[in-house]
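Summary of structural features
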Amino acid sequence: MPRHLTSRLGEGLIAIWGVVTIVFVVSRMLGDPAVLLLPIGATEEQMRELRTQLGLDLPLLQQYLSFLLNAVKGDFGQSFQFGRPALSVVLERLPATAMLAGSALAIGILIGGTAGALAAIHRGSAIEALVLLVALLGQATPSFWLGIMLILLFAVQLGWLPTGGYGTWQNLVLPAVTLACFTTASIARLLRSSMLDVMRDDYVRTAYAKGLPPSRVFTWHVGRNSLIPVVTMTGILAGELLGGAAVTETVFSWPGVGRLIVQAIETKDFPVVQAGVAVVATIFVGVNLLVDLLYTLIDPRIRQAS
Amino acid sequence: MSSTSLLPFRASLAMRTSLLALSLGAAAAGPAAARDLTIALSSNVNTLDPFKSTTVGTDLSVAAHIYTPLVDRGPDMKLRPGLATKWEAVGDTAWRFTLREGVTFSNGEKLDAEAVKWNVERVLDPKTAARNKPWFASISEVKVVSPGVVEFVTKGAYPDLPEQMSMFLLMPPKWTAENNPAVTALGSGPYELVRFASGDRVVLKARKDYWGEKPAFDNVTFRIIPEDSSRIAALVAGDVDLVTGFPTSEIARIKASGKVDASSVPGTRGMFIKLNALRAPFKDTPKVWRALNLAIDRKAINDGLLDGLGEISACQPLSPTYFGFNPDLKPIAYDPAQAKKLLAEAGVANSLTMELEVPTGRYIQASDIAQVVASQLGEVGVTVKLREMEFGAFMNKYIVGKNLGDSAYFGLGWPTLDAGGLLNFWETENPQSYWGNANFTDAAKAARSTNDPAKRMALYKTLTKQLCEDSPSIFLFFTPITYGQSKGIAWQARGDDWVRAMDVKTR
Amino acid sequence: MRLLSFLRSQRSNWLGLFGAALLVLLLTLAIAGPWLGLPDPTRGDLRARMLAPTISWAGLGSHPFGTDQLGRDILSRIVAGSRVTLTIAGSAVVLGGIAGIFLGLVAGYFGGWSDRLLMRLVDIQLAFPLMLLALLVVAALGPSLHNLIAVLALTSWVRYARIVRGQVLTVREREFVQAVRAMGASHLRILGRHILPNVLTPALVVATLELARTIVLEAGLSFLGLGIQPPSPSWGRMLADGRTYIASAWWIITLPGLALMLTVLSVNLLGDWLRDWLDPHSDRG
């Protein structure tokens, strides 16, 4: 098992390296930051001087190598816009993002899991059709439309919750629900179909044939085994929730990493783009290592195999 | 000025508690209006360091509560004394400012001529990598005449230096050396920093010992709300008191909510279509330039898309607010028949195809306006291909790449509200000119070489006239600055980008 | 043995049929759009801005779905938008599918370093949030139609590649493949004639799900200001442009939004049904 985990760790590091390399290269294609940092009317000489200050006049390969060397040490350079270390700008936003992503994931697992299990148990009934339909609608709703609608209803019309911002639990409710919409639907659909698959498996039939009580078959055999794809999915969703929540964060003025990266792309703040994506990728890899660990706990076959 | 009479007492730290009681008493005795103000900003506040940003609408507006400039521009767009009580040109290459006596930063550092000199040197020092350096780069020397008098010697004339000084927020030398001004702030302004949570909010509170006029609000919070519809929702729901920058059509709707007010003021940023006169199809084709100018129905766009709240350009990049505005010029009248005739004379009847580049996320309703422009040009037989691009990508292509497409929808304002800064952009050598005209360039240079208002005014008249007659750019209108506010406050709305609590009163 | 009979019972597939019917209707509308006699979707009338929908029991009226902020007919824009949206999403799904199937086939069949390389690429792609990758690339290349399609394809190849690779790994060891290999068939022939047909079914299922996801992602890109160029309408762009007016003219954003939701819904229903029908024992990861 340790060997298995070490090789997963190595693969994860390769993935992070790949991501930061892509970010580095594509960022450089965004154009020149100096023109946005200086006021309109700045002379070419002034722009050149600033580029030198920011280290953008060096050969690209040299920039890349020093970026990699420093990144390993956790130094992503000074942000062009914020005037302080890019990594600290990103880490400052991480609690907000983690809170939002965590809440959305919790809602997704709780509601999506319950709905998915209900749909599988009541296979062929109106309950299943209803769960499927609602889940599909949930996946089909653009999050910004849903978000704005929720603001208009719960914040403006009813006045129950704030329109946006960050601070109290009331601020968290609407963005978490908006972000959870897609996650919940995905988990419900996945759990349903994976439970149906497992119920068809031979060993479940055997368990019934042996005369085990249905409740025990469900929780022990079906429940456990159908969790595996859901756990995999959760690992993948975690990455999307952390970095891909930019739209929800914008609608609800939530100071998260996603919106920070989007802003950094717009303003060509390369260090922040690089640090932001690197942090998200690292968390993603970490979460998926945890998922790997979870597998071995859930599925005895994997434990034996490794 | 009851607050100034308290000043001597406030110097003592021991007195603080009793003073707090005093000021609380004063607040209770005063008008019962709210003393908290929340302002929504549409973009993030990235830094509090006034030298590391040139974004007036966010970073500089917030910093202006904590730091003060030598000269202040009031909501009426007129200059008024700030830290300097008076200023005068000394010949064509120097300006002399007399400083207010006895002003200190809130940590006690003196704000005298030496401090001013230190600030200018910090901007000019390449190691600072100051973003506002281009505004002050032509200052060659700062002379400390006396502790209360400072003189700026400039390379050549700098006629709008006092106006520019209204954007020069002064920092305390010792404190700046010991702190990171990107995340913390300490100045001589009416407010002090309570909390800076980047991406979320900046919280300020009024300084008790401020030397100037006491602001109307004790606590000011700037909240970052990037999404237009969310910003309006926040205002209507009572979460914020002041929002700006939304489509004009929403004014009526916001008012209809009955809970808040909305209105607009004409802005100082002129929108126009820049033709690339350095290459085909617009190289040496003044008839085509003129035809395009005639083919656009500015009034229809203003009435249709901006509810008539924009100010149609009088055939020049300047609005009446600017020094150098030419009152003799009138907007170009809509005349599609004449436009077609000119296009036919130029041999491009129904055959001209042009790209129109539109930077996104920057100018109000840009995409909509560009689409209407395209369809109006379509009426006279010109095919317009719209090319929307993200603002940064556009600027890179336009300024760094020197590779403007056939034309672009673009906006220009000059923070000093002076013709000089704006007209420079049409000089041949300017990388943003995309038009070569020796006469214009010579006259513009002459105007730049004197501080004499009368001489400058005369030269600007000929410059704007020539720009109008040659028409290498299609001047459209000055888009309005829309704003909404809660019923308890009155913002002295202004056409530049400053958003300051000092311009807000209770009512 | 209630559960066994439960297991044996036929899956209800009326939802799938409903999805298929809806999609056929949408495709018909998209294809027949130009001949329906609707107003020009790109032509506005500033005097007729933001007119409310005129559809009622009495009839359609002049602008059944109202007009947008430039006075353009929303019904004709939704119809025209269906073409644009389905073209973007469809092309992206096909392109991503071709790339993903090819990579999955090669990696699964040959194994070894090609497989290890693919799996590392998959890891990289998964660790990169799709929205940010799409945004970064569109911002770097500019939001033209081709770039949008390329970027959306870039975000979708990975799902095909994983499914196809897994499928190839099992098919490769089956007797008939072993048999033709023993007979000396070339790799190309084995891949093309014997393995490819076996992976197309799961790939088709992935394609439907990707189509749905791509349509929603395009809307998200439009929201962040990197949508398709005007004046050609895509649903995502219509939604994004209409959002500021949501409280004063709800129909500008809501009606294209409903069109988008219905489409994504029907594509997903169809995908689910396809999966159940074609491949009842597939792994649903």
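Here's a quick rundown of the structure. Here the structure is a predicted model, which is why all the values come from computation and not from measurement. (Residues numbered from 1 in each chain as written. Chains lettered and ligands numbered in written order. Predicted model: local features only at pLDDT ≥ 70, side-chain atom pairs only at ≥ 80, totals over all residues. Heavy atoms only, no water.)

1. Topic: the overall build of chain A
From N to C terminus, chain A includes 14 helices and 0 strands. Counting from the amino terminus, chain A carries its helices and strands in the arrangement α-α-α-α-α-α-α-α-α-α-α-α-α-α. By principal-axis analysis of the C-alpha atoms, chain A measures approximately 85 × 55 × 30 Å. When burial is assessed residue by residue, chain A has 57% of its 306 residues classed as buried. Partitioning the contacts of chain A with sequence separation of at least 6, the portion at a separation of at least 24 is 73%. Counting every atom, chain A has about 12,400 Å² of accessible surface; 70% of that belongs to carbon and sulfur. A gap of 12 Å separates the mean positions of the 20 positive and 18 negative side-chain charges of chain A. (Helix = DSSP H or I, 4+ residues; strand = E, 2+ residues; numbered from the N terminus. Buried < 20%, exposed > 50% of the residue type's maximum accessible area, 1.4 Å probe, protein only. Contact = heavy atoms within 4.5 Å. Areas by Shrake-Rupley, 256 points an atom, 1.4 Å probe, with all protein chains shown as cover. Lys, Arg positive; Asp, Glu negative; His and termini not counted. Charge placed at Lys NZ, Arg CZ, Asp CG, Glu CD.)

2. Things to note about the overall build of chain C
Within chain C, the secondary structure is distributed over 11 helices and 0 strands. In sequence order, the secondary structure elements of chain C are arranged as α-α-α-α-α-α-α-α-α-α-α. Summarising its shape, the C-alpha atoms of chain C cover approximately 75 × 55 × 35 Å along the three principal directions. Counting only residues that meet the buried cut, chain C has 58% of its 285 residues in that class. Here the analysis covers contacts within chain C between residues at least 6 apart in sequence; of these, 72% occur between residues at least 24 apart. Total accessible area on chain C is roughly 12,300 Å²; 67% of this is exposed by carbon and sulfur atoms. Taking the 24 positively charged and 15 negatively charged side chains of chain C as two groups, their mean positions are separated by 3 Å.

3. Observations regarding unusual backbone geometry
In this structure, the amide linkage connecting Ala280(B) to the following residue, Pro281(B), adopts the cis form with an omega of 5 degrees. Examined against the element boundaries, Pro281(B) turns out to sit in the loop between strand 12 (260–275) and helix 11 (286–295). A cis amide bond, omega 5 degrees, links Pro230(C) with the succeeding residue Pro231(C). With respect to the secondary-structure elements, Pro231(C) resides in the loop between helix 9 (187–223) and helix 10 (235–242). For Lys268(A), which is not a glycine, the phi torsion comes out positive at approximately 60 degrees. Position of Lys268(A) among the secondary structure elements: in the loop between helix 12 (257–267) and helix 13 (270–298). Of the residues examined, Lys268(A) reaches a relative accessible area of 0% and is grouped as buried. In this structure, Ala129(B) is a non-glycine residue whose phi angle is positive, near 50 degrees. Its place among the elements puts Ala129(B) in the loop between helix 5 (113–124) and helix 6 (133–136). By relative accessible area, which is 12% here, Ala129(B) ends up buried.

4. So, the interface of chain A and chain B
Contact with chain A, which involves 42 residues of that partner, is made by 48 residues of chain B. Of the roughly 3,500 Å² buried at the junction of chain A and chain B (both faces included), carbon and sulfur atoms supply 55%. In terms of surface lost to chain B, no three residues of chain A exceed Pro39(A), Ile40(A) and Thr163(A), which account for 16% of the buried area on that side. Here chain A and chain B share 2 salt bridges between them. Lys402(B) serves as the salt-bridge partner of Glu44(A), at 3.2 Å between the closest nitrogen and oxygen. Summed over the shared surface of chain A and chain B, the result is 14 residue pairs in polar contact (both at pLDDT 80 or more). (Buried area = accessible area lost by both parts, 1.4 Å probe. Salt bridge = Lys/Arg side-chain N within 4 Å of Asp/Glu carboxyl O. Polar contact = N/O pair within 3.5 Å; in protein donor to acceptor, adjacent residues only side chain to side chain.)

5. Considerations on the interface of chain C and chain A
In this complex, chain C contributes 51 residues to the contact, which on the side of chain A involves 58 residues. For the pair chain C and chain A, the summed buried area comes to about 5,000 Å², and 76% of that belongs to carbon and sulfur atoms. Measuring nitrogen to oxygen at the nearest pair gives 3.3 Å for the salt bridge that ties Glu11(A) to Arg120(C). Counting across the chain C and chain A interface gives 2 residue pairs in polar contact (both at pLDDT 80 or more). Only helix 1 (2–8), helix 2 (14–32), helix 4 (112–127), helix 5 (130–141), helix 9, helix 10 and helix 11 (250–278) of chain C provide two or more residues apiece to the side of chain C that touches chain A. The residue makeup of the side of chain C that touches chain A, split by class, is 36 nonpolar, 6 polar and 9 charged. (Nonpolar A, V, L, I, M, F, W, Y, C, P; charged D, E, K, R; others polar.)

6. A closer look at the packing of aromatic side chains
Applying the stated criterion across every chain, the model contains 30 aromatic pairs over all chains. When the centroid spacing of 4.8 Å and the interplanar angle of 25 degrees are considered together, the rings of Phe144(A) and Phe223(C) count as stacked. Of the two residues, Phe144(A) is situated in helix 7 (residues 143–157) and Phe223(C) in helix 9; the pairing between them involves two chains. Judged by relative accessible area, which is 4%, Phe223(C) ranks as buried. Measuring from ring centre to ring centre gives 5.4 Å for Phe272(B) and Trp426(B), while their planes differ by 45 degrees; the resulting arrangement is tilted. Highlighted residues: Phe272(B) in strand 12 and Trp426(B) in the loop between helix 16 (419–423) and helix 17 (438–448), separated in sequence by 154 residues. Trp426(B) matches Phe272(B) in its accessibility class, with the two residues each being buried. Pairwise contacts between aromatic rings join Phe272(B), Tyr363(B), Phe391(B), Phe394(B), Tyr398(B), Tyr409(B), Phe410(B), Trp426(B), Tyr434(B) and Phe475(B) into one cluster. The ring of Phe391(B) carries Arg362(B) above its face, with NZ or CZ at 4.0 Å from the centroid. (Phe/Tyr/Trp six-rings, centres within 6.5 Å; stacked < 30°, edge-to-face > 60°. Lys NZ or Arg CZ within 6 Å of the ring centre and 35° of its normal.)

7. Some words on the environment of Glu469(B)
Along the chain, the position of Glu469(B) falls in helix 18 (residues 453–470). Residues Glu469(B) and Ala490(B) lie 21 residues apart in sequence; the distance between their C-alpha atoms is 42 Å.

8. Quick word on the state of the cysteines
Residue and element names in this part refer to chain B. Here the structure, examined in full by the defined rule, presents 1 disulfide over all chains. A sulfur-sulfur separation of 2.0 Å characterises the disulfide bridge that pairs Cys315 with Cys468. The disulfide joining Cys315 to Cys468 has a torsion of about 100 degrees about its S-S bond and is therefore right-handed. With Cys315 in the loop between strand 13 (311–312) and helix 13 (336–345) and Cys468 in helix 18, this residue pair connects regions lying 153 residues apart in the sequence. (Disulfide = S-S within 2.5 Å.)

9. Things to note about the nonpolar core
Leu292(B) and Tyr409(B) are the most contacted members of the largest nonpolar core, which has 245 residues in total. Of all the elements, helix 9 of chain C adds the most residues to this core, at 15 residues. In this structure Leu292(B) touches Leu275(B), Phe282(B), Leu352(B), Met354(B), Leu377(B), Val382(B) and Ile474(B), once residues within four positions along its chain are discounted. In terms of nonpolar packing, the next biggest core, distinct from the first, is built from 68 residues, Tyr191(B), Trp211(B), Val220(B) and Trp491(B) among them. (Core = buried A, V, L, I, M, F, W, Y, C linked by side-chain atoms within 4.5 Å.)

10. Notes on the sheet that holds strand 5 (residues 94–99) of chain B
Residue and element names in this part refer to chain B. Spatially, 4 strands are ordered 4-5-7-6 in an open sheet, and the strand pairing comes out antiparallel. In this open sheet, the two edge strands, each paired with only one partner strand, are strand 4 (84–89) and strand 6 (139–146). Across the sheet, the axes of successive neighbouring strands diverge by a mean angle of 20 degrees, strand direction being ignored. Pairing of strand 5 with strand 7 (residues 149–154), which is carried by 5 bridges, proceeds in the antiparallel orientation. Residue pairing in the sheet places Arg96 in a bridge with Glu151 of strand 7. (Pairing = 2+ DSSP bridges. Axes fitted to C-alpha atoms, helices over the stretch in contact; angles between N-to-C directions.)

11. Examining the pattern of salt bridges
Residue and element names in this part refer to chain B. Counted according to the given criterion, the structure contains 49 salt bridges over all chains. The residue Lys117 makes a salt bridge to Glu121 at a minimum N-O spacing of 3.3 Å. In this pair, Lys117 and Glu121 are both assigned in helix 5, 4 residues apart and thus about one turn of the helix distant. Judged by its relative accessible area of 24%, Lys117 is partly exposed. Within this structure, Asp72, Arg80, Arg494, Asp496, Arg500 and Asp503 form a network of salt bridges that share partners.

12. A word on the side chain of Thr38(B)
Topologically, Thr38(B) is positioned in strand 1 (residues 36–41). If we ignore the near neighbours within four places in the chain, the residues touching Thr38(B) are Thr221(B), Arg223(B), Asp239(B), Val240(B), Asp241(B) and Leu242(B).

13. A closer look at the packing of helix 3 (residues 74–110) of chain C against helix 4 of chain C
All names here are of chain C. Look at helix 3 against helix 4: their axes get within 7 Å of each other, and the N-to-C directions meet at 135 degrees. One element, helix 3, and the other, helix 4, form an angle in the oblique class. Of the two possible hands of crossing, helix 3 and helix 4 adopt the one that is left-handed. Together, Leu103, Gly104, Val106, Ala107 and Phe110 of helix 3 and Gly112, Ser114, Asp115 and Leu118 of helix 4 make up the contact between the two elements. (Parallel < 35°, antiparallel > 145°, perpendicular 65-115°, else oblique. Left-handed = near helix turned anticlockwise from the far one by under 90°.)

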